[in-house]
Amino acid sequence: MKRTIGLLAIIYGIGLSGYFGWWALKDNAALEDAVRANAPQAELRHRINVTAEGIWFLLSNIVILQGVGLALPDKRT
């Protein structure tokens, strides 16, 4: 059961990581456009979005690592 939950956490974390990573890249491109256009309000909005999505991306990777910890067999004797 522990291994099944670990595998589900890995799959869930990979899905979330891909989702937030895609949005972070998309907002980063919009941020670069806003900086080139010298639009301070749009720049601030995209900076906040890239930061938040980067944090969620890292948290998703923590979910993956926790899933790996659950899915691997216990080697304690």
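Residues numbered from 1 in each chain as written. Predicted model: local features only at pLDDT ≥ 70, side-chain atom pairs only at ≥ 80, totals over all residues. Heavy atoms only, no water.

All told, the structure shown has three aromatic pairs when counted by the stated rule. Ring centres of Tyr19 and Phe20 lie 5.3 Å apart, and the angle between their planes is 70 degrees; this geometry places the pair in the edge-to-face category. Given the relative accessible area of 17%, Phe20 is considered buried. A centroid spacing of 4.8 Å and a plane angle of 75 degrees characterise the contact between Trp22 and Trp23, whose relative ring orientation is edge-to-face. Trp22 gets classed as partly exposed once you look at its relative accessible area, which sits at 48%. Residue Trp23 is classed as partly exposed on the basis of its relative accessible area of 29%. An aromatic cluster is present here, built from Tyr19, Phe20 and Trp56 joined pairwise through their rings. (Phe/Tyr/Trp six-rings, centres within 6.5 Å; stacked < 30°, edge-to-face > 60°. Buried < 20%, exposed > 50% of the residue type's maximum accessible area, 1.4 Å probe, protein only.)

This part is about the pattern of salt bridges. Following the criterion strictly, the structure yields three salt bridges and no others. Across the pair Arg36 and Glu32 runs a salt bridge, and its minimum N-O distance is 3.9 Å. Here Arg36 and its partner Glu32 are both found in helix 1 (residues 2-36), four residues apart, which amounts to about one turn of the helix. A residue is classified by how much of its surface remains accessible, and Glu32, at 41% relative accessible area, is partly exposed. Taking the shortest distance from any N to any O, the salt bridge between Arg36 and Asp33 comes out at 2.9 Å. Of the two residues, Arg36 and Asp33 both sit in helix 1, three residues apart, roughly one turn of that helix. Judged by relative accessible area, which is 43%, Asp33 ranks as partly exposed. Where salt bridges share partners, they join Glu32, Asp33 and Arg36 into one cluster. (Salt bridge = Lys/Arg side-chain N within 4 Å of Asp/Glu carboxyl O. Helix = DSSP H or I, 4+ residues; strand = E, 2+ residues; numbered from the N terminus.)

In short, the description is geometric, and any link to function would need to be established separately.
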